[in-house]
Amino acid sequence: MTLNEFLKDKTLTAVELIDFDYNQVINVYVDGAGYGLAIDTSNIPAGTPLTYTTDFTLEGDILSVSDFSINTNDIEML
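A brief structural summary. In this text the structure is predicted, and so the values were computed from the model without any measurement.

Here is what the cut-offs are and how they apply
- Once a new chain begins, its residue numbering starts again from 1 and follows that chain's sequence as written.
- In keeping with the predicted nature of the model, local features appear solely for residues at pLDDT of at least 70, side-chain atom pairs appear and are counted solely at 80 or more, and the whole-chain, interface and lining totals rest on all residues.
- Hydrogen atoms and water are omitted, and side-chain values are computed over all heavy atoms in the structure.
- Each helix is a run of DSSP H or I of at least 4 residues and each strand a run of E of at least 2, with the numbering of both proceeding from the N terminus.
- When DSSP finds two or more bridges between a pair of strands, those strands are recorded as paired.
- Throughout, an axis means a line fitted to C-alpha atoms (over the contacting stretch in the case of helices), and angles, computed between N-to-C directions, take values from 0 to 180 degrees.
- As used in this record, nonpolar core signifies buried Ala, Val, Leu, Ile, Met, Phe, Trp, Tyr and Cys residues forming a set joined through side-chain atoms within 4.5 Å.
- Only protein chains enter the area calculation, which uses a 1.4 Å probe; residues under 20% of their type maximum are buried, those over 50% are exposed, and those in between are partly exposed.
- Should any heavy atoms of two residues lie within 4.5 Å, those residues are considered in contact.

## Let's talk about unusual backbone geometry
- Even without being glycine, Asp-9 reaches a positive phi, approximately 65°.
- One can find Asp-9 in the loop between helix 1 (3-7) and strand 1 (12-18).
- Phi is positive for Asp-31, close to 50°, though the residue is something other than glycine.
- Counting through the fold element by element, Asp-31 comes out in the loop between strand 2 (24-30) and strand 3 (33-36).

Structure follows, in structure tokens:
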């Protein structure tokens, strides 16, 4: 299931990023619960900090955080 399909009729409240240098959203928070995304993290060093933020926009299929965006149709849920 894609993130876009999962978000239908739900409220996205926050996202968790792998340090802004990597520009990857790794977890989403929907209606108070955290969910993982199927993101390849093989090139991310162990111990890289995660950043929890509520500062994002979701316009149509596009989730924008900081200075990057992802298409929610291209991201699979775990």
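## Observations regarding the sheet that holds strand 5 (residues 56-59)
- The strand order across the open sheet built from three strands is 5-6-7, with neighbouring strands paired in antiparallel fashion. Two strands close off the open sheet at either side, each with one partner strand: strand 5 and strand 7 (68-71). Strand-to-strand twist across the sheet, computed as the mean angle between neighbouring axes with direction ignored, equals 20°.
- Sheet topology note: the strand 6 (residues 62-65)/strand 7 ladder contains four bridges and is antiparallel. When the sheet's bridge partners are listed, Val-65 is paired in strand 7 with Phe-68.

## Things to note about the nonpolar core
- Leu-3, Leu-12, Val-15, Val-25, Val-28, Leu-63 and Val-65 are the most contacted members of the largest nonpolar core, which has 17 residues in total.
- With sequence-adjacent residues up to four places away left out, Val-15 is seen in contact with Val-25, Asn-27, Val-28, Tyr-29, Thr-51, Tyr-52, Thr-53, Leu-63 and Val-65.

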